[in-house]
Structures are given as C-alpha cells and as structure tokens.
Amino acid sequence: MTPFFPSITPSRLAMAIAVIGLMGCQPSAEDRVSRANEQIAAGDYRAAVLEARSALQEEPANIEARLIFAEASRQVGDFPTAAAEYGRALELGAELRLFLPEYAESLLVVGDGQRALGQLGDALREDPQVAIHRNLLGHAYAASGEPELAKAEYERALALDDRLPDAYVGLASLAERASNSAEVEQVLRIAEAKVPGSPELQLYLAQQAPDAEARASFIERAYAGLGDNASPVTRAQVLLVRVENFLQRDALDDAQAALDEYKSQFPGAPQTLFLQSLIALERGDIDRARAGLLRISEGVASGSPADLFLGSINLEQNNLRQAEAYLTKAIRFDATSGLARELLAKTLLQLNRPQEALEVLAALAPEQTSDPDVLALLGQAAVASGNPADGVIYFERSAAQVPDDPGLKLATAYSYLASGRASEALALLENLEDDAIGGYRGSLLRMLAHLSSNDRAAAISEAEALVKRSPDDATAWSLAGQLMGNLREFPIARQYYTQALSIDAKHTPSRYGLARVELSDGNVSKANELLAALLDDVPSYMPAVATFGQIAGSMGSTAAAVSRVEAAVAASPEAAEPRFLLAQYQLSAGETEAALASAEAGLEFHPDNARLLQMRGKARGQLGSEEAARQDLLRAAELAPLDRLMQLDKARVLLNTGDPEAAREVVSDYLEARPGDTVALLFGADLDLNQGAVDRAANAVNAVLDQDPDNRAALILQGDILLQRGDLEGALNRFDVAGRNQMDRRLLLRQFSTRQKLGLADSRSVLDAWLQQNPDDVQIQTVLAQSLDASGERAAAISLYEQLSEREGTNGRARAIVLNNLAWMYFTAGDARARQTAAEAQRLSPGTAAINDTFGWIAFSEDDLDTALPALRRANELDKDNSEIAWHLAAALSRNGEREQAIRLLGRALQTEENFSGRDEAEALYAELRGSP
C-alpha cells in the first residue's frame, strides 16, 4: 500500500438531528450498534457512520461503537476520523490485534508514520510472523525516510506471503528512488508472475507509462481488478487516478462519470471538490472552478494543489497580486513544483520584479536544466535585471532545445542587442519572417540592430522593405515613419505617417508620431494642435499626454497640462501612468498633499509600481515623514534596478541618512551595468567631491568633458571642484561658461555666491538680470531679500518679503520660506506680527526644521513653553546636527526643568566648531546647568 491521501482533515458539518417521539422510544446505543453492524455488512458505510456517531453521543465509552465508527469512516475515505477513533478505542481498552492493519493504514494515510511504527513494532515483537504487519511496517519505514529498513521488512513480508502486491510495489519504488533500474525490472517480473492483475501493481505500471494514453490501459486494468476485498486506500487511489487520466486526455464526460463514482463511495473526501473544480476549469466554467478552489485554499493555511490552479487562473486574468499570493502558497505546499515556480516567475516579471523572479527560478537548478520554458524565463529575468550577457546564455540554451521556435530566436536577438552584439542579432534575425512571430517585431529589431551598427542606409532599407511587404497596413507605415523621424528625415517621416493615416485615419501611433515629427522639426504650434486633437479622441493615451504636458510647460500653460492629465485619470482611473504624471505635476507645483493623495490612489491598484512609490516617497519626505519616505524610495529602487532616477534617489536617501559609502556603492553598481551614463558618472563625482575625494571627482568630470566639452552639468561640477580647491576666479569662469547658452536657478545661485566671496561690487547684478526676465521667481526674490538683510538694508528686505508673502499663486513651500524669514525679521525688530507669521509658515511646511525652530523660538521668547517645546523638539528631530536648533531646544528644556536632557543637547552643540547665532548664550547656560546641583 502506497499512501495516497494528503493529511488534510476535511471540514465537519454539524448535523442537527430531529428527535421525533411518536408512540415510541429513542433507539438505545445497543440498537444503534446493531444496526450499524448490519449496515457495514451490507456495504452502506455512510449510514453506519451516522448510527455509530449517534450511539457514541449516548455512550462515549462504547468500544464497539468506536470501532464501527472508525471502520465506517475508513471505508468512506475519512482517514483522519478513522485514525482518531481507532486511537480512542485503544485508549478505552480495545484489543489492538483486532484492528491493527486498519489502524496502521489510517495512520500512514494521514502522515503519522512514527505512531504506526510504534504500534506495528509492538505487535511484531509479540508475533513476528504476520505478513500484513511486516508489509505495513515496510510502508512506515519508507514514509519515515528509512529505505534500507523498509526494504528488509518488505522482503520479510513476501517471505511469509508472496501474494502481497503493495510489498512488490514498495520494493520497486525503493529501487526506482535508488536509480537501480535492473532491480526494478526484476521486482516487476516477479510481481507480474505472482499478482498479475492486482490493482496496486497496475497503478505502479501506469506511473511508469510514457503518456496518458499508455497509462489509460494500465489504469483500466487496475479498475477492472478492484474486488470487494480491495482496501479503501487502493479503491480510492484507482478511482482518483482514473479521473485524473480522463482529465489528461480531455475526456471530460468520462472524468465526470468517474468522479461521480468516486463521490458515491467516498462522500466528502477532500479530493472531490478539487477534481470537480478542475473539470469545471477544463469546461471553461471559471467562476465555478474558482469557487471550489477557493474553498480548498481557504481551508488549508499551509497551501494545497488548489493554490497552483488559482494562481494560474489569476495570472491568465492579469490579477497579478492575487496570482503572486496563491503561487507563493503553492510553493510552500510543494517547494519542488516546477510549474508553480515558472508561473510565479512570470507573475514577478510582469510586476517588474526580475531579481525576485531569478531567485524563484534558482531552485530549478538553472545550470543543469534543459527545460526551454525555464531557460527562456531565466533569460528574460536576467535581461530585465541588467545582466544581458547572462540573458544571452539562457536564451541560447533555450533555443538549442527548440531550434525552430521563432519567438525564442526573437528573444535571443533582443538579448544580443541589449549586450551590444548587434551583428549577432542581425545574423539571427536575417531569415526571420514577421508573420512567423506575429506583427513586425522582427523588422523593428532589425532596424534597431542596423542603427546600433551605425548603418543608417541599411535601417532605411529595412523600413522601405517593410512598407513594400505590407502596403495596406497602417502599422507598417507607422513603424517606418518612426524610424525616419528618429533619423531626422522629417519630410519622409511625414509622408509615411500621412500614408498610414490615409489607411486608418484614427491610427493612434501614427497621429502621435506625426505630432512628434512636427515638434522635432520646430513646428510647436502644429504639434500642439495634433496632440490636442488626438487627446480629444483618446484622453488616456499617455505618450501624447506627457508630450502635450512638456509643450504646455514650456509655454507656461501648466494648467492646460494638468487638465489633460486629469482627463486621462478620469478615462482610466485604475491606470498607473496618469496617476504618476498627476502626482509629478502636483509635486512640482508645491501641492504636496495632493501629490501624496494621487500617488496613493494609484498604489491602491498598483502597489509595486516603482514610479508611484517614488512620487509617494518624495511627497512624504516633503511632509516630514522621513522614514516612510525612505522606505518608499528604497523599494522603488529595488523594483527598478536599471532606472537611473530610481537608483540616484536611492543614493540620495542613503546619503541623507548618513551612509555616503552605501550611496556611492549604489552608483557604482548602476555604472557597472550602464558605464556610459554621464548623469550617473557626474552624480558619483558629486558624491566623491562631498566626501573629500576631489581628485577622483575631477577625473570623472574631465572624462565627461573630454567626450562632451559643452556638458553643462560637468562644467558646473568642475566649478565646484575649483571652489573646493580655493580657485574662486577659475570656478566663476566655469560657471559663466556653463551659463552662456542656458541659465537656471542652481547655476545662478553659484554665480552669485562666488561673486560675493570674491567681493565683487556688482555681485547682486546677476540676480537683477535674472529677475528682469523672470519677475515672478519667488525663490530668487527671496535670495535677493536675504542679500539685502545681510548688507544691512533691513527695511528694503522686510518690504520685499511682505510683497512676496502677499503674492497670489506662490506654491506652499516657497511661501513658507518667505513667511519664515519675514517672521524672523519681525522678531528681531520687536514686531508683534512675528508669531502669527511664523505660525502660518509652520502650517504650510510642517516638515521643515528651520521653520519649526523659528516658530518654537518665538513662542519660547514669549514664555509659551506648551507651544515652544513641541515645535523645537520637532525641529531637532528633523535636523539633529544643527547646533543652533539644539541650543534653542536646550534653553526651552532647561526652563521646563528637564536639566539633564538640556545638558546633553548643549554638550553636543558646543562640541562643534560652528559659530552659530547664540553660541555665547549657549556656553553660559551650559556652564550654569553643569554647576547647579
């Protein structure tokens, strides 16, 4: 006997039994036991279960009722109940010899091999010559991982009785596990001579058959060999395997009839619902299949085969998060399931988590496997993880297994391109027909490969061949137009797009491509008109939404861009991209809370979308939730290992949390995959400069300038390096060169600061020149006000701050800074408006340390400790290294009687060499507190 049923206890339905007294009495326990015996003799095991259970409700210590209940439960396939009831009967004093085979068999089925070993061992010590006991002991040893002991017991059992079919099956199974094919053949020859028609032997032979059709003949022999004396385990195995075989052969009516037969003999068995669900799934009744599988899954916390199918259903329906949950549970149930791991890897790849997909597939021995599907998944995950060289190896191995698969050839060619091996990609794509792989992916890859090889003529020739092959297909003309647009052959690109639109006037890619051509050719108004018309028809087409937003932003019409993004959100409320773009606009406009809400709305549908996590992280950071922001940005970077912005954000997070070495490592890892990325190179150089590695930073900057002498970012960073080396004039020269063709605030502020350090009389002239062109720039106006204050022109500074504070349309953070500075000037001038102004600044930007400090210090100066302490504590939490903030908090704590904490803060602040405002007062307070008892 090879145990088949999993050790899963089926649900018990509480049954309400109506007691009707009509001129008679309730049957006694003795009567019920008698009737139960008659029902077992007649083969009516379900009725026997009910009678025995009722008898036990009256007399729980009735041994005969226990044994009947156990045997009837065994016969209907309820082995957990049978094992439990045999055990209870034994505890009540029943003689084990009367039911040991049935008890041991039930224990083995429910997975309690150790208890079976104990019971059988005791019995065999009393009577070692019982063949069935030896046979069951062999099963127990096999289940416990003791193959040598199991083999010895099977051989002893057969020496006592050579007509025990499952002892032969046990020996053959052990030899098979030991890869001893000669021994398997020898055992089977003897078995076929001794027990040729036994169901157990036929089932084993069915397992060895090469396909479902061959298995069917053995299974039908097993079915024909079932007699009245067949054990419930054997009967259940044969009937279930028969259902499964019909399913494998798509004989659904036969499968249903076989399942009905199984249900009639084993009502309530857990396999019934599972197989019924599979039949429903094969018939296309997804709802019924899902309902049945869910009942199984919800009832088994540790996982079941149902979870594999639930995962498959959800993956097919693109419910990726649900698919991930079920497939993960399926792998917990069976860690060796290759299918579960393949499906989970596919799910993770669609969730843009390629590294996790690689980890899931690692258990399938990637170096040894020859499964083309597994190898293709490994290739896809490797390329997506930034390791195209590994991807090439996996795709080549997969294609070697299925050499005529055009999809694999295409994937391999793509991996060649990603690895910079354009010539090999072209060689593979040379004879690949587009119609063999659906669409024009082969043509598109050939164009890209030619462009990678700098063969412009060949790329154009490929485009011309494409439209010649498919003159009536708008998509072919559109792809050719895209290539010509990228090559800046604008007249030809217009012709191709126009031809595509003559075939299909609503062809969205062609309408968008034509707009892009006009934009690239400098016809901004025409491009804007085309995009607006396209978005009127297809408001959620995100490439057009993003491009329209770029044009609108450059023309100062941010409201128009936001309106289009909001229309895209309304048209596709569950889509991630519109939510991301809306959050991005809101964040850039200073509408931080609105940006947070937009990002969170998108994450409800797409919890692993890296860009939405990035937006939420940035919004949280600006609102003061530093740790939550950190977690979001780190998770976003983990999900997008090849996205420069995500990786640089991760580096910034690590830098801001005091781990510059880890930040530099992130940039270095990214540059290993993208060594030519100048933005990342310069970011790394900036990190090096800030950590004092000036020469290393200079080398990286010089390398970039050697390739691109006009690179603004490199010129600015070169100026920063010269500043650090003390060459102010050289630095200003670099900043001026960088600003010749394009100026921005970052560069302007560097120019202004360097001019001030050089003591140039016209330092402020660069600010004035900028404000003539950008009169509404609040940030630069604020810098000008700070400069006026620093030069002693306090009245002019206050007047400018007041004007800025009243200006309409200023974003929240910029206005908060203005109000904070104004509040401080009011405070130092003794103006009563200081506190109210500071309170408004804190309301607008509660996550800014300096703003909390200003508000708290003003409240402290008014003896309002209840208000001052929370604000100053918050300021210190946000900027623990700021000595002036530490001094302000210490002063408030001292006044509140928290002497020890004040001493610690002052000690930390005064250890620095920073000459912060109030240092003398801080030293005096420190001395006073340390000298007091």
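On a predicted model such as this, the values are computed, not experimentally measured, just so you know.

Rules behind the numbers
- Residues numbered from 1 in each chain as written.
- Predicted model: local features only at pLDDT ≥ 70, side-chain atom pairs only at ≥ 80, totals over all residues.
- Heavy atoms only, no water.
- Helix = DSSP H or I, 4+ residues; strand = E, 2+ residues; numbered from the N terminus.
- Rg over C-alpha atoms; globule rule 2.2 N^0.38 Å.
- Buried < 20%, exposed > 50% of the residue type's maximum accessible area, 1.4 Å probe, protein only.
- Contact = heavy atoms within 4.5 Å.
- Areas by Shrake-Rupley, 256 points an atom, 1.4 Å probe, with all protein chains shown as cover.
- Lys, Arg positive; Asp, Glu negative; His and termini not counted.
- Charge placed at Lys NZ, Arg CZ, Asp CG, Glu CD.
- Expected span 1.5 Å × (residues − 1).
- Axes fitted to C-alpha atoms, helices over the stretch in contact; angles between N-to-C directions.
- Parallel < 35°, antiparallel > 145°, perpendicular 65-115°, else oblique.
- Left-handed = near helix turned anticlockwise from the far one by under 90°.
- Nonpolar A, V, L, I, M, F, W, Y, C, P; charged D, E, K, R; others polar.
- Salt bridge = Lys/Arg side-chain N within 4 Å of Asp/Glu carboxyl O.
- pLDDT = per-residue confidence, 0-100.
- Phe/Tyr/Trp six-rings, centres within 6.5 Å; stacked < 30°, edge-to-face > 60°.
- Lys NZ or Arg CZ within 6 Å of the ring centre and 35° of its normal.
- Polar contact = N/O pair within 3.5 Å; in protein donor to acceptor, adjacent residues only side chain to side chain.

(A) Expanded view of the overall build of the protein chain. If you tally the helices and strands in the protein chain, you get 53 helices and 0 strands. Taken over the C-alpha trace, the protein chain has a radius of gyration of 39 Å; the compact-globule value for 933 residues is 30 Å, which it surpasses by more than 25%. Dimensions of the protein chain, computed from C-alpha atoms along their principal axes, come out at roughly 115 × 90 × 60 Å. Here the protein chain, with 933 residues, has 48% of them falling under the buried criterion. Partitioning the contacts of the protein chain with sequence separation of at least 6, the portion at a separation of at least 24 is 48%. In the structure as shown, the protein chain presents an accessible area of about 45,100 Å², 48% of it carried by carbon and sulfur atoms. Mean positive and mean negative side-chain charge positions of the protein chain (88 and 135 charges, respectively) differ by 2 Å.

(B) Structural context of helix α18 (residues 320-333). For α18, with 14 residues, the first-to-last C-alpha span of 20 Å sits near the 20 Å given by 1.5 Å per residue. Burial in α18 covers these residues: Leu320, Ala323, Glu324, Tyr326, Leu327, Lys329, Ala330 and Ile331.

(C) Just the packing of helix α21 (residues 372-384) against helix α22 (residues 388-401), in detail. It is at 7 Å that the axes of α21 and α22 come closest, and there the two elements cross at 160°. Compared by their axis directions, α21 and α22 come out roughly antiparallel. Judged by the twist between their axes, the crossing of α21 over α22 is left-handed. Residues Pro372, Leu375, Ala376, Leu378, Gly379, Gln380, Ala382 and Val383 of α21 lie in contact with α22, whose contacting residues are Pro388, Asp390, Gly391, Tyr394, Phe395, Arg397, Ser398 and Gln401. Grouping the constituent residues of the contact of α21 with α22 by class yields 9 nonpolar, 5 polar and 2 charged.

(D) Region of the structure containing helix α36 (residues 626-639). Compared with the 20 Å implied by 1.5 Å per residue over 14 residues, the 20 Å span of α36 between its first and last C-alpha is a close match. All of the buried residues along α36 are Ala629, Asp632, Leu633, Leu634, Ala636, Ala637 and Leu639. Contact partners of the buried residues in α36: α35 (610-622) and α37 (644-656).

(E) Local environment of the packing of helix α13 (residues 232-248) against helix α14 (residues 252-265). At a closest axis distance of 8 Å, the pairing of α13 and α14 adopts a crossing angle of 160°. Relative to α14, the element α13 lies roughly antiparallel. Crossing of α13 over α14 shows left-handed handedness. Here Arg235, Ala236, Leu239, Leu240, Arg242, Val243, Phe246 and Leu247 of α13 come into contact with α14, specifically with Leu252, Asp254, Ala255, Ala258, Leu259, Glu261, Tyr262 and Gln265. Its residues assigned to classes, the contact of α13 with α14 comprises 11 nonpolar, 1 polar and 4 charged.

(F) Broad picture of the pattern of salt bridges. Inspection of every chain in the model, using the stated rule, returns 58 salt bridges. Ionic pairing is found between Arg283 and Asp253, a salt bridge with its closest N-O pair at 3.2 Å. Note that Arg283 is positioned in the loop between α15 (270-282) and α16 (286-299) and Asp253 in helix α14, a separation of 30 residues in sequence. For the salt bridge of Glu462 with Arg446, the shortest nitrogen-to-oxygen distance reads 3.2 Å. In this pair, Glu462 is assigned in helix α26 (residues 456-469) and Arg446 in helix α25 (residues 441-452), connecting sequence segments 16 residues apart. Arg446 carries the same exposure label as Glu462, and that label is buried. The network of salt bridges with common partners includes Glu324, Arg353, Glu356, Arg635 and Glu638.

(G) Broad picture of the confidence of the model for the protein chain. Per-residue confidence for the protein chain gives a mean pLDDT of 84, with 94% of residues at or over 70. Model confidence for the protein chain, summarised as mean pLDDT per element, is weakest for α16 at 73 and strongest for helix α28 (residues 490-503) at 94. Overall, residues 1-25 carries pLDDT values under 50, and its contacts beyond four positions in sequence, including any with other chains, amount to 43 contacts.

(H) Examining the environment of Val538 more closely. Note on placement: Val538 falls in the loop between α30 (524-537) and α31 (542-554). Of the residues examined, Val538 reaches a relative accessible area of 26% and is grouped as partly exposed.

(I) Focus on the packing of aromatic side chains. Using the criterion set out here, one finds 8 aromatic pairs in the structure. Look at Trp824 and Phe827: their rings are 5.3 Å apart centre to centre, the planes differ by 45°, and that puts the pair in the tilted class. With Trp824 and Phe827 both in helix α47 (residues 812-828) and 3 residues apart, this pair spans about one turn of that helix. Its relative accessible area of 29% is what places Trp824 among the partly exposed residues. Using a relative accessible area of 25% as the deciding quantity, one classes Phe827 as partly exposed. Feature note: the residues Tyr86, Phe99 and Tyr103 constitute an aromatic cluster, connected by ring pairs. Across the ring face of Phe548, the terminal group of Arg564 is positioned such that the distance to the ring centre comes to 5.3 Å.

(J) Inspection of the side chain of Ser398 at higher detail. By the secondary structure assignment, Ser398 is in helix α22. At a separation of 2.7 Å, a polar atom in the side chain of Ser398 contacts the main-chain carbonyl oxygen of Pro372. The contact partners of Ser398, leaving out residues within four places of it in the chain, are Pro372, Leu375, Ala376 and Leu408.

(K) Expanded view of the side chain of Thr508. Relative to the assigned elements, Thr508 resides in helix α29 (residues 508-520). A relative accessible area of 17% places Thr508 in the buried class. Apart from the residues lying within four places of it in its own chain, the contact partners of Thr508 are Leu534, Val538 and Tyr541.

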